[in-house]
Structure formats: C-alpha cells, structure tokens
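Residues per chain are reported as follows:
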2 protein chains.
Amino acid sequence: MTSQIITQLETPALLLERGRMQKNIARLRDQLVRLKVAFRPHVKTAKCVEVALAMSGGSPGPITVSTLREADYFADHGFTDILYAVGFTPNKMGHFAALLKRGVMLTVILDSLDAAHALVQASAAMPFAVNALIEIDCDGHRAGILPDCADLLAVADVLAKGGVIVAGVMTHAGGSYDCRSDEALRVMAEQERSRTVRAAERLRQAGHAAPVVSVGSTPTALFAQNLTGVTEVRAGVFVFFDLVMAGLDVCRVDDIALSVLTTVIGHQREKGWTIVDAGWMAMSRDRGTATQPVDQGFGLVCDANGVALPDYIMVSANQEHGIIAHRNGAEGKPLDIPVGAQLRILPNHACATAAQHARYHVLDGTSAVVDGWERISGW
Amino acid sequence: MTSQIITQLETPALLLERGRMQKNIARLRDQLVRLKVAFRPHVKTAKCVEVALAMSGGSPGPITVSTLREADYFADHGFTDILYAVGFTPNKMGHFAALLKRGVMLTVILDSLDAAHALVQASAAMPFAVNALIEIDCDGHRAGILPDCADLLAVADVLAKGGVIVAGVMTHAGGSYDCRSDEALRVMAEQERSRTVRAAERLRQAGHAAPVVSVGSTPTALFAQNLTGVTEVRAGVFVFFDLVMAGLDVCRVDDIALSVLTTVIGHQREKGWTIVDAGWMAMSRDRGTATQPVDQGFGLVCDANGVALPDYIMVSANQEHGIIAHRNGAEGKPLDIPVGAQLRILPNHACATAAQHARYHVLDGTSAVVDGWERISGW
C-alpha cells in the first residue's frame, strides 16, 4: 500500500499501535506458559485475521468466536478449531452443518435441559457428531448452570444419549469487571477455576469423559496464580486493552493499542468545548467507565502523537460530533487545539469501538501508517 | 429473493416494518406540505437507498448526510443535492473535490472564523466554487454561532471574499430531545425557526444573498406550527422512530418500524432472567431512555409478531447476550418463553441500532420477509 501519515487520513479513523498490541499479546502468552495452560484467544474484539494470527503465535490455532460470521471468516483463513461461545439456537443449525461439512471442528455451548433436547433433535440431521461444552455459572453474572446443580448431570445425560459429544465445561467470569482490587481479581480467578473444575469432576464421576475445562476473561486470565485442572484460557480484549481495563488496573493507559483519530471542527469557547468529527458512531455508545472510580466520558483525549492529555475527555457524543472538555468542567482550562488539528481518543471498550470500523490503520510508534488491516462485522 | 418467514432467519437480525415506515414518512411529508416548506431528509438513520427514495417521494431529492461515505453511496444512486451536516475539515477536501467533479452539488457547513479561513484556503484548489452554510446555535446544545454574534458577519465576509458561496444558514435543535411536553416542543420549534431566520436576515442586511434557511430535528419538524422564513427542514429518525421518540410523545410505541429479532438461548429462572442472542452488538450501547421518565433498558420486548410486552425490557447486554427481565425486577412475573423461541426488541435509538447491521429484513405486517435492503456504514 501507499505509505501515508496520519495527517493524510480522512477522519474519524481507527488507529492500531502494533508494538503495543504485540507487547500485550506477549504478556498474556507468557502468563499462560507459566501456568501451563493452552490459549484459545477470543477473536470477537479484533475480528481481524492479522490480529488473530498474532494472538495465536503466527499460525492458526484454536479460537473462540461470538458469531458464526466470525467462524466463516476465520475458517476461510485456516482456523479450524473454533468454539462458538454463545448458546446454541436451532435457527443456526444449517450454518453449523455448513461449517462442519467444510472441516471446521466447531464446538457449541448450552446451559439447560431445554437447549440439550433442542440440540439433540437438531443434531440428528447433522453430518457429524456435534461437540458441546456445558456452560457453568461461576459468578452469577450471566448464563450457565451452577457447578453443584443437579441439572449439570441431567444435561450431560441428555446430550450423551442423543449422540452429542460432551466435550466438557466452559465459563466466563464476567463478574471480574466489577472487581476493584488486584486481590479481588485473584480471588475471582481462583473462583472461576475452582468452580469450573468442580463441574468437570462431577461429569467425570458420572462417567462422561469431559476432557475440556475452558475458562476466561481478560482480568482473570492475567491475575490467575494457579490454573490446575483448567485445559484452556479464553481472552480477547487484552489484545488492545482499553480504559475499562485501565480502570481495573489490569493495564496502564499507555498499554492501550487502539484509538480513534479525529479532527477539531470547532469550539464553543465560553463553555470550554472543543468539537471534533468523532462522535458515538466512531467511539460507540459504550460508557463502561461510568461505573468506575474515574469516569472517562466517551473516551480519553490524546494529542496527535498518542500522548494522553489526562485532564481532557469526550464529555458528550452525537452521531458524528464529539464534545471534548476538561474533566472538571468549567473549573478546568479548555483544550487549546485549533480547527483542523488532529487528536486521538482512547476507547472505553475496545470491542465496542473497533466494531464501529471496517479497518485498522496500523502504526508502529510514529505517525506513519505502516499497514491497513480489514475487519469483519455482522452475523 | 427467496421468500422467508422470520423463524427461518438466523438471529440476531434487523427487521423493518415497511407499512409503519410508510406511515411515518407520510406523517412528516404531510406536515411539511401544510407548512409549505421543502424537505431534505437526513439519511444518516437509514443509510439505505430504498428508504431514502421513500422519504424523497419515490425519486431522488435533496438529502442531508453525516459522512462522505453516505455522499458517495447516495450519489451512486442518483442523489445529487447533498448537504454534509458535519463541520468541514481540511483532510476531507480531496473527497469533497471528487464529489464535486462527479456532478454532486455538495454543501458544507462551518461555524468559526478559523474554519472559514481554512475552507477558503482549501477551496482555492477546488474545481468549482464551494457552497457553505453557516451553522447557527439555536439552543446551546452543540455547535454553531449565536444568531446575534458579530462572528456571523465576519465569517460570511471571509467566505465571500475568498470565493466561497454563502448559501445561508442551518441549525439543529438537538435540545428538543430534552423537552418534556408537547408545549415545550412547540416552543423549541419556534425558537429554532426564529433564531435561524434572524441569522439569515442579518446576513442579508449585510449584503449576502443567503437564500437557504435549513432547520431540523424530528421533534421540532413534527411539532412546528409555523415555519415562516425557513426554506427546508431536515429530519431522519422519524422514518423509523424509536423508544426515545416514544418517550418524548413524538410517536407511539406501535409506530416504531425497526426491531431486532432474537432467539431465547437460556434462562436463569431464580433471577427472573431470559437470556437471548441479541446483545449490545445487535442493539447498540445506546441508553437514550435512561434519562427519560421511563427507562427502557437496552430495548423493549415484543413477542415474535411484534406485539409489545410492555412489562419486559432488556435490562443488561453483553456483546452477543441480552438479559431480559420484568422492569420491576424480582417483583415482576418472569417472561415465560422457551429456549429456541423468538422475540423482537424495539430500540432506544434507531440510528444507533440500525448502524450495527448491514441489512434490513423488510416485513409488511406479517412474519414473511418481503424484501432485503442493504445499508452502508463507515466513513
């Protein structure tokens, strides 16, 4: 591609600092090597083959997806061991069958007797046996069967008798996003591990092989001290990090690899406002830091070189307009950046912000765009 | 296309009730005929040529866009009179020039001396004279020059001396979204009209032709009683309506033409939760009703036929998971819908929800999909 510098980009545009991304990946991979557990990166954050290959160590490995569109796309790029980590629904069975027919080892998840019966019924028409993981509720946060609930064994029995392979158990410690200290994150990581391993042991005692114990969230993956009994870890947002993760002290602000480049289009000086051409369409509507000790509005402002200006945030966003102001409102000094100048905005939530864009403009520590990576979206 | 019924769709999927859309369009067009003012629909809500044609009365007419990607796409479909309603930036001048060269009458906006100087400088390299509207601040909500501010004439002078055509003034009464009664909306509509007309009159007194007086927002467009002096109205969200508009009493819940079809994937019965396969990726993160008297969570639940179940909302959303519960929490009766069954979720904000999807599945009062309309995204 023709080399560009960021001042030549039409704004808003999504920037990816490759060096930061590589550092973030190395940090998690090193952690998992130390804990002797396999990695099944979640590709829902990046939805981009170049990023997934970097997470997998250079060649296709096991991945987790959040949509079957991701499964199709990554299968096109050689990824064949895919966990679809959203509960099975019958209206997706034709799509599952197409993936199995093309040689993808697709594993589905479920967490109820109703879903088990539906999966058995739907899988009768499938060309191959279906692999399923039973979702475990490790923290009361969302879905899953409690590890000591009678339904766990009942679901496994329905699946096994119906010809579905009971591959094991999986969980997602979404509750880790509400932890407010390193110690709380370590406790949550151990809770995620122990409850999921406990569920797998119950299945094995009942005669199911259940070889897989899959856990994951970025905070617990990075703060786990022991993963005995776990066979694989899933994590996604770690690859870019974001302000929510920085607010949890899981990363520093200058580990965040993703930002939105924007241009100043005007000022409302008596209000201390700088108006830019990135609104919620470019940033997403995610306000994940609103419930954290430091509210970052719709994003934290950096100068055009990516250096954070920690007093300035996007306080309000319309579709294609963002309003930047001092975080202390009228008491703070307004940002003094002229019309036409560029800024970068760090996102609250990397998954949500990246989803608003079709391409990463890849940087490597300077303002030169060294590559352009496409990303996919939809279902 | 092969005819489908909605139970055959993979979920989540965006549904558009064509009859409701047509009724919403007729309502606004009738209002503007009555007020004797031209219509320049904002295509940022729909980003879809079929919808834009319906808004324009069947053949291409004047439109408003929020991105140059929209300008390109609609120009490809015969729309040549385009207002780009986000402040001019120099890094978009190459793109402006390309649009002008292909015959698009593109009008840009700006609201400062800095931007006026930058536009004059950048337009010197343009193939044709550039049309500009000066943005007026009618409600303190976002951008614009106050109608009685000295800068208004200074900006017009800079533009005129630099060869830019001072086409007139425009405003957006975003403050109408904070109105809480019909009377407040009527007052806001008159404020939007009178202040913008006042700005145009000042320009004309100073010797500028300034023929265009462009106002717009869905609430003020529908509640205006008199638009004397206004030459055109812009509005976008009216075409689909949404829960924010229903919360303002600008429409009824059963006027909302857009919904997200989703499938039940599980339950957490002791919590009263129904878990579905539409999360924030399908609904958006928009929480526009959070500050209204009735908070609709991430969306209001309807049965598979689109009949609202007004006690049930999406109380929480992860990327591909939504949690549905009674709006009174544990005091309410849980929704009794089995795994595999479908629901429709009405959106808080049609612009934000539609933006998460690449296609409208068009219905016309039944569960048959009668058409599929593509939509665009990005910049």
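Keep in mind that this is a model prediction, so the values were computed, not measured. (Residues numbered from 1 in each chain as written. Chains lettered and ligands numbered in written order. Predicted model: local features only at pLDDT ≥ 70, side-chain atom pairs only at ≥ 80, totals over all residues.)

**Looking at the overall build of chain A**
Of regular secondary structure, chain A possesses 11 helices and 18 strands. Since a compact globule built from 379 residues should have a radius of gyration of about 21 Å, the 22 Å found for chain A is in line with a globular shape. The principal-axis extents of the C-alpha atoms in chain A amount to approximately 70 × 45 × 35 Å. A burial count over chain A gives 57% of its 379 residues as buried. The long-range share in chain A, meaning contacts at least 24 apart out of those at least 6 apart in sequence, stands at 66%. (Helix = DSSP H or I, 4+ residues; strand = E, 2+ residues; numbered from the N terminus. Rg over C-alpha atoms; globule rule 2.2 N^0.38 Å. Buried ≥ 20, exposed ≤ 12 C-beta atoms within 10 Å, placed from the backbone. Contact = placed C-beta atoms within 7 Å.)

**Comments concerning the relation of the copies chain B and chain A**
For the pair chain B and chain A, the relating rotation is 180 degrees, the translation along its axis is 0.0 Å, and the fit reaches an RMSD of 0.0 Å. With respect to symmetry, the two chain copies, as superposed, fit the operation of a two-fold axis. Of the C-alpha atoms belonging to chain B, the one lying closest to the rotation axis is found on R285 of chain B, 2.4 Å away. Both copies present the same face, since 100% of the interface residues in chain B are matched by interface residues at the equivalent positions in chain A. (Least-squares fit on C-alpha atoms with pLDDT ≥ 70 in both.)

**Examining the interface of chain B and chain A**
On the chain A side, the residues contacting the 49 residues of chain B number 49 residues. Per element, the largest residue contribution to the side of chain B that touches chain A is 4 residues, and it comes from strand β11 (residues 258–268) of chain B.

**Comments concerning the environment of N226 of chain B**
Inspection of the secondary structure puts N226 of chain B in the loop between α8 (218–223) and β10 (232–233). Separated by 132 residues in sequence, N226 of chain B and A358 of chain B place their C-alpha atoms 38 Å apart.

**Let's talk about helix α6 (residues 151–161) of chain B**
Residue and element names in this part refer to chain B. Residues L152, V155, A156 and L159 constitute the buried set of α6. The buried residues of α6 occupy one face: seen down the axis, they fall within an arc of 100 degrees. Where α6 is buried, its residues contact α5 (113–123), β7 (131–135), β8 (165–170) and α7 (182–205). One or two residues past the end of α6 sits G163, with phi positive at roughly 90 degrees. (Arc of directions from axis to C-beta.)

**Observations regarding the domain arrangement of chain A**
Structurally, chain A comprises domain 1 (42–235) and domain 2 (253–374). The interface of domain 1 of chain A with domain 2 of chain A comprises 5 residues on the first partner and 6 residues on the second. (Domains from an automatic or database assignment.)

**Considerations on the sheet that holds β10 of chain B**
Residue and element names in this part refer to chain B. Spatially, the 8 strands line up as an open sheet ordered β3-β10-β9-β8-β7-β6-β5-β4, and their pairing is parallel. Here the strands that pair on one side only, and so sit at the sheet edges, are β3 (38–39) and β4 (63–65). Pairing of β4 with strand β5 (residues 81–87) involves 3 bridges; the strand directions are parallel. Pairing of V65 across the sheet is with Y84, part of β5. Together, β7 and β8 form the strand contacts of α6, whose direction differs from that of β7 by roughly 170 degrees. (Pairing = 2+ DSSP bridges. Axes fitted to C-alpha atoms, helices over the stretch in contact; angles between N-to-C directions.)

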